[in-house]
Amino acid sequence: MMLAAIAITGCHSAQSPEQKQAAPAEPKHSQEVTLFAAASTQNTITAIVHEFERLNPDVKVLASLESSAAAAEKIARGAPADVFLSASRQWADFLADKALVTEQHELLGNALVAIERVDAPWHVGNPQDLKNNDIVHIAIADPESVPAGIYAKQALVKLELWDELADKMVAGNDVRHALTMVETGAAEAGIVYSTDAAISDKVKTAFPFDRELTEPIVYPLVLTRQGAKNSAATEFYHFLQSSSVAVVFRQSGFRVQQKSGVQ
């Protein structure tokens, strides 16, 4: 069953000062794990974190979801990170080169797709259609540093379309920003991961990009030197590689990388 984050809402009656004083204190956690993860994993990783905390009530996972580039640079500057889930080998290797990595495992795979709004009056059926006059703006993540943007540029360069489409490109801070631009109509089309397209009811996949157009889209999971000293972080690192969590990632559209290959 898909692990889900559950938000509980309801009506609240007025409380007397005595009742407010009697309210139970927030639970204290004896251990904390600091996780930095790629923005494209936000929905899935949030559900997984909730499940880990349910199974380990004395542990609190502090999760920061943003572009892999921004996360890696913060860790390199000394941000306290135990576990890092990157959307590319580049930023995991960046930290390894700085001797900040204890263990590393390629956890996930993904695919690149073009998207458009579900109510768009045009249809982008293939990469050449991105040249159509109806497509004024194409939303991508920053192609200089953010993995999704780098992959998008790689694909368009290989298709010999990048130079022709460069003036249409609108770069977002991360892949979710690119998704939002298409959702809101700020861009007529966008290039994101297939897992991002799947979470939105405002966009649809226009077409997939062939995998051969980019370097392998993989998500390395990193246990930092700091995390190796934290027993809860080490447990969480291995939890993310467990078979039960693999089911959740697959249900979200990710490919799960096993040490013997992709499943």
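Everything below is about the structure shown above.
Cut-offs applied
- Residues numbered from 1 in each chain as written.
- Predicted model: local features only at pLDDT ≥ 70, side-chain atom pairs only at ≥ 80, totals over all residues.
- Heavy atoms only, no water.
- Helix = DSSP H or I, 4+ residues; strand = E, 2+ residues; numbered from the N terminus.
- Polar contact = N/O pair within 3.5 Å; in protein donor to acceptor, adjacent residues only side chain to side chain.
- Pairing = 2+ DSSP bridges.
- Axes fitted to C-alpha atoms, helices over the stretch in contact; angles between N-to-C directions.
- Contact = heavy atoms within 4.5 Å.

Colleague: Explain the side chain of E66 here, please?
Modeller: Relative to the helices and strands, E66 resides in strand 2 (residues 59-66). Here K74 takes part through its side chain, which lies 3.0 Å from a polar atom of the side chain of E66.

Colleague: It is not clear to me how the sheet that holds strand 5 (residues 112-117) should be interpreted in this structure. Could you clarify?
Modeller: Backbone-to-backbone hydrogen bonds pair the strands of a sheet. The strands run either parallel or antiparallel. Ordered by their spatial adjacency, 5 strands build an open sheet running 7-6-8-5-9, and the pairing between neighbours is mixed. The strands lining the two open edges of the sheet, one partner per strand, are strand 7 (169-172) and strand 9 (203-208). Geometrically, the sheet is characterised by an average inter-axis angle of 35° between neighbouring strands, direction not taken into account. Strand direction decides the pairing type here: strand 5 and strand 9, joined by 5 bridges, are antiparallel. Looking at strand 9, one finds that I115 is bridged to T205. Those strands touched by helix 5 (residues 147-158) are strand 5, strand 6 (138-141), strand 7 and strand 8 (189-193), and its axis lies near 115° from that of strand 8. In this fold helix 7 (residues 175-183) packs onto strand 5, strand 6, strand 7, strand 8 and strand 9, with an angle of close to 165° to the strand it touches most, strand 6.

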